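# Report on the structure
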Amino acid sequence: MNTQITLNEDQRDCLQELMNVAYGSATAAISDILDAFATLSVPAISIIDTKDLKAHLLNNIEVEDVHYISSQTLNGKIAGESLFIIGEKSSINLAKEFGCEEDADVNELCDVILEITNILSSATISKLAQEMGTVVSFSPPHIHMVHSIENFDNQYLEKYQKVIVIKTQLNFENQNINADLLILTTDDSIVFIENMLDKILEEF
Amino acid sequence: MTFSQKFDLICDTVDNGVILLDSNLQVHFWNNWLATRTNISFEEIKNKNLLDFFPNINTKTLNRKIKTSLNLNSPTFYDSDINKFLLDIELNKVTNKVFQSMRQGVTITPFDKESGLVIVYIYDTTLLSESNHKLETRNTKLHQIQNELKDEINKIELLLDATMDAMFVFENGLCVNTNDLGIELFGYVNKHELMGKTISQFLKNSSDLDISKHYSKPFELSLIKKDETIFPALLKIKKSIFKNRPIEIISIVDLSELKAKDKLISEQSKHAAMGEMIGNIAHQWRQPLNTISTAASGVKLLKECDALEDSDLDESLEGIIKSTKYLSRTIDDFNDFLKGDKEKTNFNLQENIQKDLSILKAMMKNSKINIIEKHEQAIELFSFDNELSQAIINILSNSKDAFEQDEVTFIDDRHIFIHTSVSDNNAVIDIFDNAGGIPDEILNKIFEPYFTTKHKSLGTGLGLYMTLQIITQNIEGIITVENKKFTYNSKNYNGANFKITIPLNSEVSITRHT
């Protein structure tokens, strides 16, 4: 395991650029699929110690009382997990965007959230993977309904030293939808990403 | 084997459903797994619309997922927990069937974007869903039980706090729990302060208590508060087993208020008795005072007329001395009666009754009441002489008052009977009258404090209550009341009958009337 898991300024800039492109394509995909104009905020990239992840989530995510967290495992050279976190109100608005009725039940909401998670992670990670000359395979996403980040636990978190957290906000035009997408990558993936970033930087 | 044959073999032997579907939902491939489970062969469904066979499919969702998959060039999914299934396939399972239809996880993978083809993979997740379902059911049940348990605990705590008693639980002689009342009663702020204290730390005289002698039966004791004030209390100790460990549950009732009330009633009774006595004294004194006054006036008149003989003076002075002696004696009688007894003494029951009657003589005469005594034998008692007098006088006064009630003023021949006898080693005093008796509905209330049917000028409502206290607590006897019909001198009467039963012990001797 690489003990120097960190990104230098150039690497960070490059990753930011790649992510911007990836998120651009995700935005386009959403707009295309839903016939609605969605925007994703410029992704904020940070590399943090895994032990600080929970505190980081608590600090960085504005959650309403009840929120849904859907996670999807990423397999391949870029491995890890994508987390999509959305509050109940936003998820109801999101469901409307997907053509659901006003009184959509929990299952419908979950289906919509899973769909958007899949769309966002597929669009972004696939694009990023493509830029890095690799392929990522996605496992079906799963959803949890949690009342606090506190009860979102992962006992194997210690397996990893660091995670790259890529945070973005999803906004729909004229709709009050706010959600956060986090992409958490494993140590080995960070090393892979680092190497690929260096390669890309060399080519420029 | 050609590549196509190999491909078909793989598709027909994988343990999941494979459909090649276009965006119009037309089926282009249908593998053996699906054919055997749906009983629809590939030939049957080939180039047909999936909806012709499965009309219940949510087309909006399916179309969206196909479109997304093709657009993103990435798989989309159906979650078996949320979407349950894509194709409604009845399960062939017979036993332990939780679901009617197969639960499915579905992955839709783009096949050819140009021709809008996707591959639909269907996985049978029934087993997993069943486990989840069972877990959920158990979880719900567990929550229900947990809530019920919480309710029960709340109920018990509520009960514990709602009870009038302070409750303490001791384990190995140390306090391990108490209720709010317990904390309050002993003047503590919180439960924590009381934990670990020993029973003796709550007792005034710790050496006095042998707990083992008091199991299950309530007893009175003096206890100490945090600020070291002492208060009377009623305790009940129950031995029990909790988690295989012996514990003692002690309930405590503060008797301070009750004792204070008792004292107040007792004082009030004393005052009431004194009031009645003053009435009696007034009656008793009128006659001798008249005698003195008459004698003195006579002497004065004779002196003025210079006709006062020595013999007249002697006679008059003799009369005055006799009367003052009588007055002095009555004062002694009343005094004895009022000051009560400090110790038990031996006395004769008939003499006691005579003394009581002498106090009441004037009053009875005034009310034209005839007293008829009947004593079967001489009875010696070892008890409180004056207290018994007070009780008997109270009953006699009560009878006298009964004759004064408006409803019975027509009774001309007024009698009060006093019978004494011995029965089963008990002295029995029956006091009954012909004043008509006590109405049945109040018969069991007349010994209660402050209960009176009399006009305010007559009763305080404490006389019979005091009588009950004296007989039961001091004399250690029994007093009952009933209405009685009887014949006297060939005439039928009815009235109230008070019966006092006093146990005779070895210290009491009975002598036959000679």
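Residues numbered from 1 in each chain as written. Chains lettered and ligands numbered in written order. Predicted model: local features only at pLDDT ≥ 70, side-chain atom pairs only at ≥ 80, totals over all residues.

## Remarks on the overall build of chain A
Defined as follows: The numbering of helices and of strands both runs from the N terminus, where a helix is a DSSP run of H or I of at least 4 residues and a strand a run of E of at least 2. To sort residues by burial, count the other C-beta atoms lying within 10 Å of each one's C-beta; a count of 20 or more means buried, 12 or fewer means exposed, and anything in between means partly exposed. C-beta atoms are built from the backbone.
The helix and strand tally for chain A stands at five helices and eight strands. Helices and strands in chain A line up, N terminus first, as α-β-β-α-β-β-α-α-β-β-β-β-α. Relative to its full complement of 204 residues, chain A shows a buried share of 42%.

## Examining the overall build of chain B
Across its full length, chain B holds 15 helices and 18 strands. A buried classification covers 27% of the 514 residues belonging to chain B.

## Description of the interface of chain A and chain B
Counted only if it meets this: Here, residues touch in the contact sense if the C-beta positions derived from the backbone fall within 7 Å of one another.
Across the contact, 17 residues belong to chain A and 15 residues belong to chain B. Elements represented by at least two residues in the side of chain A that touches chain B include exactly helix H1 (9-34) and helix H4 (106-131) of chain A. It is H4(A) that contributes the most residues to the side of chain A that touches chain B, 10 residues altogether.

## A look at the packing of helix H10 (residues 256-304) of chain B against helix H12 (residues 349-366) of chain B
Residue and element names in this part refer to chain B. Threshold: Between N-to-C directions, angles cover 0 to 180 degrees, with each direction set by a line fitted to C-alpha atoms, over the stretch in contact for helices. An angle below 35 degrees is treated as roughly parallel, one above 145 as roughly antiparallel, one from 65 to 115 as roughly perpendicular, and anything else as oblique. Residues are grouped as follows: Ala, Val, Leu, Ile, Met, Phe, Trp, Tyr, Cys and Pro are nonpolar; Asp, Glu, Lys and Arg are charged; all remaining types, including Gly, are polar.
Direction vectors running N to C along H10 and H12 enclose 80°, while the axes themselves pass 8 Å from each other. The angle between H10 and H12 places the two elements in the roughly perpendicular class. Residues Asn280, His283 and Gln284 of H10 pack against Ile359, Leu360, Ala362, Met363 and Asn366 of H12. The class makeup of the residues in the contact of H10 with H12 is four nonpolar, four polar and no charged.

## Quick notes on the sheet that holds strand E2 (residues 27-30) of chain B
The pairing of strands in a sheet comes from backbone hydrogen bonds and takes either a parallel or an antiparallel form. Residue and element names in this part refer to chain B. Heads up, the condition is: By the convention used here, strands pair only if DSSP detects at least 2 bridges between them.
If you walk across this open sheet you meet the five strands as E2-E1-E5-E4-E3, and the pairing is antiparallel. The sheet is open, and its two edges are formed by E2 and strand E3 (76-78), each paired on a single side. Going across the sheet, the axis of each strand differs from the next one's by a mean of 20°, ignoring polarity. As defined by bridge partners, strand E1 (residues 17-22) adjoins strand E5 (residues 117-124) across six bridges and the pair is classed as antiparallel.

## As for the nonpolar core
Basically, it comes down to this: Under the definition applied here, buried Ala, Val, Leu, Ile, Met, Phe, Trp, Tyr and Cys residues are grouped into a nonpolar core through C-beta atoms within 7 Å.
In this structure, A:Ala26, A:Phe84, A:Ile113, A:Ile119, B:Val106 and B:Val120 are the most contacted members of the largest nonpolar core, which totals 79 residues. Residues in contact with B:Val120, not counting those within four places in the same chain, are B:Ile19, B:Leu21, B:Val106 and B:Ile108. B:Ile353, B:Met364, B:Tyr465 and B:Ile502 belong to the second largest nonpolar core, which has 40 residues in total.

## Observations concerning the sheet that holds strand E14 (residues 414-423) of chain B
Residue and element names in this part refer to chain B. The strand order across the open sheet built from five strands is E12-E14-E15-E17-E16, with neighbouring strands paired in mixed fashion. Every other strand in the sheet has two partners, leaving strand E12 (369-375) and strand E16 (478-488) as the edge strands with one partner each. Averaged over all pairs of adjacent strands, the angle between their axes in this sheet comes to 20°, without regard to strand direction. As defined by bridge partners, E12 adjoins E14 across seven bridges and the pair is classed as parallel. Bridge assignment links His375 to a residue of E14, and that residue is Thr420. Strands in contact with helix H13 (residues 385-404) are E12, E14, strand E15 (426-433) and strand E17 (491-503); relative to E15, the strand with the most contacts, it is inclined by about 15°.

## Looking at unusual backbone geometry
All names here are of chain B. Positive phi is not limited to glycine here, since Asn73 has a value of about 55°. Topologically, Asn73 is positioned in the loop between helix H5 (59-72) and E3. The class of Asn73 is partly exposed, set by 14 C-beta atoms lying within 10 Å. Here the phi dihedral of Glu228 falls at roughly 70°; this positive angle occurs in a residue that is not glycine. Within the secondary structure layout, Glu228 lies in the loop between strand E8 (219-224) and strand E9 (230-242).

## Topic: H1(A)
All names here are of chain A. The condition that has to hold: Expected helix span is taken as 1.5 Å per residue step, with the number of steps being one fewer than the number of residues.
Spanning 26 residues, H1 covers 37 Å between terminal C-alpha atoms, matching the ideal 38 Å at 1.5 Å per step. Buried within H1 are the following residues: Cys14, Leu15, Leu18, Met19, Ala22, Tyr23, Ala26, Thr27, Ala29, Ile30, Ile33 and Leu34. Phi turns positive, to about 55°, at Asp35, one or two residues after H1.

## Overview of the confidence of the model for chain A
The condition that has to hold: Across the chain, each position has a pLDDT score giving the predictor's confidence in that residue, from 0 to 100.
Of all residues in chain A, 87% attain a pLDDT of 70 or more, and the chain-wide mean is 79. The least confident element of chain A, judged by mean pLDDT, is helix H2 (residues 53-60) of chain A at 74; the most confident is strand E5 (residues 136-138) of chain A at 88.

## With respect to the environment of B:Asn394
All names here are of chain B. Among the secondary structure elements, Asn394 is positioned in helix H13. Residue class for Asn394 comes out buried when judged on the 24 C-beta atoms lying within 10 Å of it. Sequence spacing of Asn394 and Glu276 is 118 residues, and the spatial spacing of their C-alpha atoms is 9.4 Å. With residues up to four places along the chain from it excluded, the contact list for Asn394 reads Gly463, Leu464, Met466 and Thr467.

## Details of the environment of A:Ile125
Residues and elements named next belong to chain A. Summarising the element assignment, Ile125 is placed in helix H4. Through-space distance from the C-alpha of Ile125 to that of Ser137 is 9.6 Å; in sequence the pair is 12 residues apart. Ignoring any residue separated from it by four or fewer positions in sequence, one finds Ile125 in contact with Leu74, Ile78, Ser82, Val136 and Ile183.

## Quick word on the packing of H13(B) against helix H15 (residues 463-474) of chain B
Residue and element names in this part refer to chain B. Short version of the rule: Crossing handedness: left-handed means the near helix sits turned counterclockwise from the far one by under a right angle, and right-handed means the same turn made clockwise.
The contact between H13 and H15 brings their axes to 9 Å, and the two run at 145°. For the pair H13 and H15, the crossing hand works out as left-handed. Touching Glu387, Gln390, Ala391, Asn394, Ile395, Ser397 and Asn398 of H13 are Gly463, Leu464, Met466, Thr467, Ile470, Ile471 and Asn474, all from H15.

## Some thoughts on the confidence of the model for chain B
Looking at chain B, pLDDT values average 84 and 93% of them are 70 or higher. The ipTM, which scores confidence in the relative placement of chains, is 0.81 for this predicted complex, and the corresponding pTM is 0.55.

## Brief notes about the pairing of E15(B)
Side chains on a regular strand alternate between the two faces of the sheet. Residue and element names in this part refer to chain B. The pairing of E14 with E15 spans eight bridges and is classified as antiparallel. Its bridge partner lying in E15, Thr420 is registered against Ile429. Taken together, E14 and the strand that follows it, E15, pair antiparallel across an intervening segment of two residues, in which Asp424 is found at a positive phi of about 50°. Bridging between E15 and E17 involves seven bridges; their strand directions are antiparallel. Bridging from a neighbouring strand, Val428 pairs with Thr501 of E17.

## Looking at the environment of A:Asp180
When you line up the elements, A:Asp180 lands in strand E8 (residues 179-185). With 111 residues separating them along the chain, A:Asp180 and A:Ile69 place their C-alpha atoms 9.6 Å apart.

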